Amino acid sequence: MRYILEIWVNSRGSLISTKAIGCLACFALLAMASSAIGKKGETRVLVDSFAEKSYVKKKNADESVRRETYHMVEGKWYGGVIRDSSLREVPFIEVAEGLARELETRNYFPAQSKESGDFLLIVHRGITRIEADWDELFPTDDEEEAAEEEGEEGEEELTNPETYLREEGFSNAEQDNAQLIGFDRALKRRGLMLQDELELQEMLRAERYFLILMAFDWQKMQKTGEKKLVLSTRFSMDAIGVGFDDAHFALSRGAANYYGTNLDGKLGKTKTFVGPGEVITGDLEVIGTVKPGEE
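Conventions and cut-offs
Along each chain, numbering runs from 1 in the same order as the chain's sequence is written. In keeping with the model being predicted, local features are shown solely for residues with a pLDDT of at least 70 and side-chain atom pairs are shown and tallied solely at 80 or more, while totals for entire chains, interfaces and linings include all residues. Water and hydrogen atoms play no part in the side-chain values, which are based on all heavy atoms of the structure. Note: two strands are recorded as paired if DSSP finds a minimum of 2 bridges between them. Secondary structure is summarised from DSSP: a helix means a run of H or I of at least four residues, a strand means a run of E of at least two, and numbering begins at the N terminus for each. Note on definitions: salt bridges are taken to be side-chain nitrogens of Lys or Arg within 4 Å of carboxyl oxygens of Asp or Glu. Per-residue accessibility, obtained with a 1.4 Å probe over protein chains only, is compared with the maximum for each type, and a residue is labelled buried under 20%, exposed over 50%, and partly exposed between these values. Geometry of aromatic contacts follows a simple scheme: Phe, Tyr and Trp rings, the Trp one being its six-membered ring, pair when their centres are within 6.5 Å, and the pair is stacked under 30 degrees between planes, edge-to-face over 60, tilted otherwise. Axes here mean lines fitted to C-alpha atoms, for a helix over just the part in contact, with angles spanning 0 to 180 degrees between N-to-C directions. Residue contacts follow a heavy-atom distance rule, with two residues in contact if any of their heavy atoms lie within 4.5 Å.

Participant: Is there a simple way to think about the pairing of strand β4 (residues 68–78) in this case?
Facilitator: Each regular strand carries side chains that alternate between the two faces of the sheet. With 3 bridges joining them, β4 and strand β5 (residues 108–110) adopt parallel strand pairing. When the sheet's bridge partners are listed, Tyr-70 is paired in β5 with Pro-110. Pairing of β4 with strand β6 (residues 119–127) involves 7 bridges; the strand directions are parallel. Of the residues in β6, the one forming a bridge with His-71 is Leu-120.

Below, the structure written as structure tokens:
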């Protein structure tokens, strides 16, 4: 007996709802869906997620994630060193709509009135700032001669990553970027492997799009004025070769499983496609049977 999934992609990614007519057709439709949503490539989203331990315990107390509501407002906008028109042109409402769809997967929904609601969500967005070292890019004649005189000794120092990392350290820009996108907690973890530390530092030296979602206790804020941070999620991805108009969808989607969780300094890693769109699977439907020899 052959089971075929009904497959469609919503209007943002657009494969029209359809039913397969046979096994080969099913594979064809899956390939079409993959092509429709993956034509702009894949990316890896890295996530730092914090939440109060008491909140996490309460959120998952009944084995199923508890439903909660929120108000969402625009936070700060962080521009990079190089002008990025895609980052400036994406309105916050578009970012908010993309986030809202993914927040529903963790049972977070918009509040129905100003007085109600569990959280005030503040969403910051932007791109990390990379400061070029112009002296390294355009050395003077004297510096070039000095480099040649160092010869093999200088080369040996650069081929020892452990020595290089300890002596080089992190620049002020890299430290600022680490705090913005949540890498600082990962870098402070005990037992972090040198290879992982080097990889994170390399990422901090490249431009990364990011979103920061911070959730404050809305009821306490209304009653006492106190801003109590309950959870925060920082998620980022490589900005090379992609615009923010496509990146913010991937960011929200890549962080979906981590909203309201506490990773204790570890980084969540999710591969996803770039741009809008999603694959939705319907109920299983038996469309017929195939006898031996008829395949």
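From this point, the discussion proceeds with the structure in view.
Participant: Hey, could you run me through the pattern of salt bridges in this one?
Facilitator: Pairing between side chains of opposite charge can happen when their charged atoms approach one another. Per the stated rule, a full pass over the model turns up 8 salt bridges. Between Lys-59 and Glu-68 there is a salt bridge, with its nearest N and O atoms 2.7 Å apart. As far as burial versus exposure is concerned, Lys-59 and Glu-68 are alike and both buried. Bridged by salt links that share partners, the residues Lys-59, Arg-66 and Glu-68 form one connected network.

Participant: Explanation requested: the packing of aromatic side chains in the structure shown.
Facilitator: Each aromatic ring pair is described using two quantities: the centre-to-centre distance and the angle formed by the ring planes. Scanning all chains against the criterion turns up 5 aromatic pairs. Plain terms: the ring middles of Tyr-78 and Phe-210 are 5.7 Å apart, the flat faces sit at 55° to each other, and that makes the pair tilted. Here Phe-210 lies in strand β7 (residues 208–217) and Tyr-78 lies in strand β4, a separation of 132 residues in the sequence. Overall, Tyr-78 belongs to the partly exposed group, its relative accessible area being 25%. Residue Phe-210 is classed as buried on the basis of its relative accessible area, which comes to 0%. Through a chain of ring-to-ring contacts, three or more aromatic side chains come together here, namely Tyr-55, Tyr-108 and Phe-119.

Participant: Looking at this structure, I do not really get unusual backbone geometry. What am I missing?
Facilitator: Across the chain, the bulk of peptide bonds are trans and the bulk of non-glycine residues have phi less than zero. Backbone geometry places Asn-107, a non-glycine residue, at a positive phi of 65°. Relative to the assigned elements, Asn-107 resides in the loop between α4 (92–103) and β5. Non-glycine residue Asp-264 carries a positive phi angle of around 55°. Relative to the elements of secondary structure, Asp-264 occurs in the loop between α12 (244–254) and β9 (268–273).

Participant: Looking at this structure, how should I read the pairing of β6?
Facilitator: Taken across its 9 residues, β6 has 8 buried, putting it largely inside the fold. Where β6 meets β7, 9 bridges bridge the pair, whose relative direction is antiparallel. When the sheet's bridge partners are listed, Leu-121 is paired in β7 with Ala-215.

Participant: Explain α12 here, please?
Facilitator: The α-helix advances 3.6 residues per turn, and as a result positions three or four apart in sequence lie on the same side. Of all 11 residues making up α12, 10 are buried, and the element is well covered by its neighbours. Here α12 has its buried residues at Phe-244, Asp-246, Ala-247, His-248, Phe-249, Ala-250, Leu-251, Ser-252, Arg-253 and Gly-254.

Participant: Any chance you could explain the sheet that holds β9 here in plain terms?
Facilitator: The strands that make up a sheet pair up through hydrogen bonds in the backbone, lying either parallel or antiparallel. Reading across from one edge, β5-β4-β6-β7-β8-β3-β9 is the order of the 7 strands in this open sheet, with mixed pairing throughout. If you trace the sheet from one side to the other, it starts and ends with β5 and β9, each paired once. Taking each pair of neighbouring strands and ignoring which way they run, the sheet shows an average axis angle of 30°. The sheet contact formed by strand β3 (residues 42–51) and β9 spans 6 bridges and is antiparallel. Across the sheet, the residue bridging to Arg-44 is Lys-271, located in β9. On top of the sheet, α4 reaches β4, β5, β6, β7 and β8 (229–238); it is set at about 140° to β4, its chief contact.

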